[in-house]
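Examining the three-dimensional arrangement
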Amino acid sequence: MSNPWDLYDQLIAGVPEGPCVTEYCLGTHWSYVQAECGMGVAFTTSGGTPRKNFEDFRGRPVKEVAQLAKSWCFEEASLGIAALNAWYAHRDRLSALTTHYEQPEDDPAAGGRLGMKLDAFDLYRPRIEAQGNANVVVVGHFPHVTNIADYANLTVLERKCSDEWDTPDPACEYVMPQADYAFITGVTIINKTCPRLLQLAENAHVVMVGPSVVMSPIMFDYGVETLAGSVVSDPEAAKFGVMNGKGKFFGKALEMMYVTK
């Protein structure tokens, strides 16, 4: 892409003028924006420039709040991405696409909390194994990501390296062009690294992963094959998960799903 802002401008342009924000929260781990058109969430990302915008967004157009996705203050950008998903991550608006919703199942280990049977890595594992000796690059240290090393050549790019599997994220310039499969966290849309990563991964099967992924088919125009994100299935549970700061609210509050180009 010649202009990295094109992706953001198109996503924002796809939000209609009418719907307004009714409630929002910039939480410790997650953020949400509830609007007349739906509810969206995003991972609360720290860093970037100091926060400057402290106005009340209630009653403001969703499209206006979505403009914060372009902010270099990543906390503000988190709200912007949540606003985008208040429009895009909605069952009715995703119904025109081939969308797969994962079925919940009882998870006794989680004290009865609903768990999910699959994730994006499980979804692609048969294809990766069938290829043999595939190069897999994962942006973001997801839970159990190191399991991929059992069946592929794995590189995990992480901004804050925490174990032997992590490689500093500037290594993307070196490893991403050789990737056969690239799993990219939706947080990269917040911190503005997404456009460059998609450019570097142009020869790979690209999967955007996590609740911060903007669930819009516009992403397919930029080289993404699969959007593995979520929709809010229980707004009250999502609000509690955000405001309680517990960090994990998958299962009841969020319904994991994926859309393939």
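1. Section: the sheet that holds strand β7 (residues 135-139)
What the 8 strands build is an open sheet, ordered β4-β13-β12-β11-β10-β7-β8-β9; its pairing is mixed. Two strands in the sheet have a free side with no partner beyond their single neighbour: β4 (99-101) and β9 (166-168). The average undirected angle you get between the axes of adjacent strands in this sheet is 25 degrees. Pairing of strand β8 (residues 153-158) with β9, which is carried by 3 bridges, proceeds in the parallel orientation. Looking at the pairing, E158 lines up with P168 of β9.

2. Quick look at the environment of L84
In this structure, L84 sits in helix α3 (residues 74-88). In this structure, the C-alpha to C-alpha distance between L84 and I12, residues 72 residues apart in sequence, is 7.1 Å. The contact partners of L84, leaving out residues within four places of it in the chain, are L11, I12, V15, A66, A69 and V214.

3. Considerations on the packing of aromatic side chains
Tallied over the entire structure, the rule returns 8 aromatic pairs. A ring pair is formed by Y124 and Y181, whose centres lie 6.1 Å apart and whose planes are at 70 degrees; its orientation type is edge-to-face. Taken as a pair, Y124 in helix α5 (residues 120-131) and Y181 in strand β10 (residues 181-185) lie far apart in primary sequence, 57 residues in all. The exposure class of Y124 is buried, given its relative accessible area of 2%. Residue Y181 is classed as buried on the basis of its relative accessible area, which comes to 3%. Connected via pairs of aromatic rings, a cluster forms that spans F121, Y124, F142, Y181 and F183. Above the face of the W87 ring, R93 is positioned so that its terminal group lies 3.9 Å from the ring centre.

4. Re the side chain of E76
Of note, E76 is situated in helix α3. Of the buried charged residues, E76 lacks a salt bridge, with R51 as the closest side chain of opposite charge at 4.7 Å. Here K52 takes part through its backbone nitrogen, which lies 3.0 Å from a polar atom of the side chain of E76. What E76 contacts, discounting residues up to four positions off in sequence, is R51, K52, N53, L68 and S71.

5. Here we look at the sheet that holds strand β3 (residues 38-43)
Read across the open sheet, the 3 strands follow the order β1-β2-β3; overall the sheet is antiparallel. The sheet terminates laterally at β1 (21-26) and β3, the two strands that pair on one side only. Strand-to-strand twist across the sheet, computed as the mean angle between neighbouring axes with direction ignored, equals 10 degrees. Helix-sheet contacts for helix α9 (residues 235-244) involve β1, β2 (30-35) and β3, and the interaxial angle to β2 is about 145 degrees.

Conventions adopted
Residues numbered from 1 in each chain as written. Predicted model: local features only at pLDDT ≥ 70, side-chain atom pairs only at ≥ 80, totals over all residues. Heavy atoms only, no water. Pairing = 2+ DSSP bridges. Helix = DSSP H or I, 4+ residues; strand = E, 2+ residues; numbered from the N terminus. Axes fitted to C-alpha atoms, helices over the stretch in contact; angles between N-to-C directions. Contact = heavy atoms within 4.5 Å. Phe/Tyr/Trp six-rings, centres within 6.5 Å; stacked < 30°, edge-to-face > 60°. Buried < 20%, exposed > 50% of the residue type's maximum accessible area, 1.4 Å probe, protein only. Lys NZ or Arg CZ within 6 Å of the ring centre and 35° of its normal. Lys, Arg positive; Asp, Glu negative; His and termini not counted. Salt bridge = Lys/Arg side-chain N within 4 Å of Asp/Glu carboxyl O. Polar contact = N/O pair within 3.5 Å; in protein donor to acceptor, adjacent residues only side chain to side chain.

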